[in-house]
Amino acid sequence: MKKPVRVLCIGGSDSSGGAGIQADLKAVHASGCYGLSVVTAVTAQNSVGVQDIYPVPHAFVSRQLDSILSDIGVEAVKTGMLWKEESVRTIAREVKAYKIKNLVVDPVMIAKGGYELLEDRAKKTLIKNLLPLAFVVTPNIPEAEYLTKMKIKSVDNMKKAAEVIFSLGAKNVLIKGGHLPGSKKKGSIDILFDGKNYHELRAEWIKTKNTHGTGCTFASALAAGLALGKDVYDAADFAKIMVTKAIINSVPLGKGHGAVNAGMPLISLKKKHECLNKLQEACNYLMSFKCGNLIPEVSSNLVYAKANAKNENQVAGFPGIILRLYDAAYAAAQPEFGASKHMTHVVLTVMKYDPSCRSVMNIKYSKEIIKICRKIGFSVKSFDRKEEPKERKEREGFSLEWGVNKVLAQNEMVPDIIYDEGGWGKEPMVRVFGKNPIDVVKKVKMISERSL
Ligand code: PXL
């Protein structure tokens, strides 16, 4: 039996399911760990705000902690909304007594709508008793401003603030930059400071108002990363990927702000079509190794056609593409039929020549990548977009058919690779073919291992 990697989340219950303990457990689960919880307060809240808070008596916070720590044990602990000073004191005492090393403190103070989530007198206790025990503390900009009494308007200010917070005793300080002016344009930048060096975490800005629970999800995934044995830098990168994924999968709720969603359901093996299952499986495999450098500017897609497919609706792919997230590939959504026009037409064309070749993925082109493909022993063919008849070029989504037809008309077998060096407004591209998506992803892995 596999031993669970246990992460304890201490915080408030959010009745709307988006933040607090509910978000924590989803993020811990999505990170591959097992979540435990200690509830410090129960909030009545929805998408427009927090209506009320009912504190759990600190003696009962202590009872919950003892129940877990005396029997089950944990690899990491994450704290969120603590609300009462006595709870902060109790938690600090127990963390010390049980010698918890992987402690992530998310110094939650105020909800989005302005409702206080930490009593005033508890703030000082959090700084004095809990921060010095933290392996990582994860303030957002308003929280970092409170902790440092500084105004934070730039990445440089964030770095200065991180130094000040470090001096309060946390071993690592991670300031989340989502509130920084200009983030919408430049993307979100977080700063991790370990007392010596700064490490930047970056992600594209994702336009959505459904961001309730981002902080909780991030800190919980970070704790899960540490619990899994990652160092603080890898755990932070991992958390950034997890929270970006959760924002991409966010859901609208009620009349106000919807919530991020780390708990995207896995495909039900019974209900969905074999193509979708195979694609999901291949995509999970693709996301498990470093191949971000193979994802082109226009992003990738991976498609799989039903046997004898004749039209777009019989080919499954990833809606919203497969993109690059740090050094990994990342698919934001589950596969669907009819989701990718370009790759769908490529695979339908190829199937006219060889019906068993039902899957393809597009990856980045470079002379180096083509060299690697040849070295591996793949059969490699190409076409030149300059030779394409003009009327063809104008049929968006269909122009690749011409190139693929051209290659296949001259060859007996479908090659592993068909590439082109681009054209006016068209990024050069490599297409990797196979019988099924696992077959394709294995080929992509072989290329990625040689192109690091
Ligand atoms: O995002 C901070 C947070 C933590 N915990 C609970 C919350 C919120 C924000 O609303 O409600 C219970």
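Here is what the cut-offs are and how they apply
Residues numbered from 1 in each chain as written. Predicted model: local features only at pLDDT ≥ 70, side-chain atom pairs only at ≥ 80, totals over all residues. Heavy atoms only, no water. Buried < 20%, exposed > 50% of the residue type's maximum accessible area, 1.4 Å probe, protein only. Helix = DSSP H or I, 4+ residues; strand = E, 2+ residues; numbered from the N terminus. Contact = heavy atoms within 4.5 Å. Pairing = 2+ DSSP bridges. Axes fitted to C-alpha atoms, helices over the stretch in contact; angles between N-to-C directions. Salt bridge = Lys/Arg side-chain N within 4 Å of Asp/Glu carboxyl O. Disulfide = S-S within 2.5 Å. Near = heavy atom within 4 Å. Polar contact = N/O pair within 3.5 Å; in protein donor to acceptor, adjacent residues only side chain to side chain. Areas by Shrake-Rupley, 256 points an atom, 1.4 Å probe, with all protein chains shown as cover. Nonpolar A, V, L, I, M, F, W, Y, C, P; charged D, E, K, R; others polar.

Draft legend 1. Local environment of helix α11 (residues 341-353). Within the span of α11, buried status applies to M343, T344, H345, V346, V347, L348, T349, V350 and M351. Structurally, α11 contributes buried residues whose contacts are with β10 (302-305), β11 (315-317), β15 (359-364), α14 (399-409) and β18 (429-434).

Draft legend 2. Layout of the sheet that holds β18. Pairing is mixed across the open sheet formed by seven strands, whose spatial order is β14-β11-β10-β15-β18-β17-β16. Looking at the sheet topology across the chains shown, the edges are occupied by β14 (336-337) and β16 (380-383). When β15 meets β18, the two strands line up antiparallel, connected through six bridges. Across the sheet, residue V360 finds its bridge partner in β18, namely F433. Along the sheet, α11 contacts β10, β11, β15 and β18; its crossing angle with β15, the most-contacted strand, is approximately 130°. Packed onto the sheet, helix α15 (residues 437-450) meets β10, β15, β17 (417-420) and β18 and runs at close to 130° relative to β18.

Draft legend 3. Layout of the pattern of salt bridges. According to the stated counting rule, one finds 21 salt bridges in the structure shown. Put simply, E274 and K278 hold a salt bridge, and the shortest N to O gap is 3.6 Å. Of the two residues, E274 and K278 both sit in helix α10 (residues 274-286), four residues apart, roughly one turn of that helix. Residue class for E274 comes out partly exposed when judged on its relative accessible area of 39%. For K278, a relative accessible area of 28% gives the class partly exposed. Put simply, K84, E85, E86, R89, E119 and R121 are held in one network by salt bridges that share partners.

Draft legend 4. Inspection of the pairing of β17 at higher detail. Every second residue of β17 is oriented toward a common face, with I417 and Y419 on one face and I418 and D420 on the other, all of them buried. Of the pairings in the sheet, the one linking β16 to β17 comprises four bridges and is parallel in character. Opposite F383, over in β17, you have D420 as the bridge partner.

Draft legend 5. Local environment of the environment of S87. Secondary-structure assignment places S87 in helix α3 (residues 85-97). Owing to a relative accessible area of 0%, S87 belongs among the buried residues under this scheme. Spatially, the C-alpha atom of S87 lies 65 Å from that of S379, the residues being 292 residues apart in sequence.

Draft legend 6. Expanded view of the state of the cysteines. Here the structure, examined in full by the defined rule, presents zero disulfides. Cysteine C216 remains unbridged, with the sulfur of C9 as its closest cysteine sulfur at 9.6 Å. Of all cysteine sulfurs, the one in C275 lies closest to C357, which takes part in no disulfide; the gap is 14 Å. Taking relative accessible area as the criterion, C357 reaches 6% and is therefore assigned buried.

Draft legend 7. Geometry of the site of the ligand. Around the ligand, the neighbouring residues are G12, S13, A19, G20, Q45, M81, V108, A111, L117, H212 and C216. With respect to the ligand, the side chain of Q45 contributes an N or O atom lying 2.4 Å from an oxygen atom. In the complex, the protein chains occlude 90% of the 310 Å² of accessible area that the ligand would expose alone. In terms of residue class, the shell around the ligand is made up of six nonpolar, five polar and no charged.

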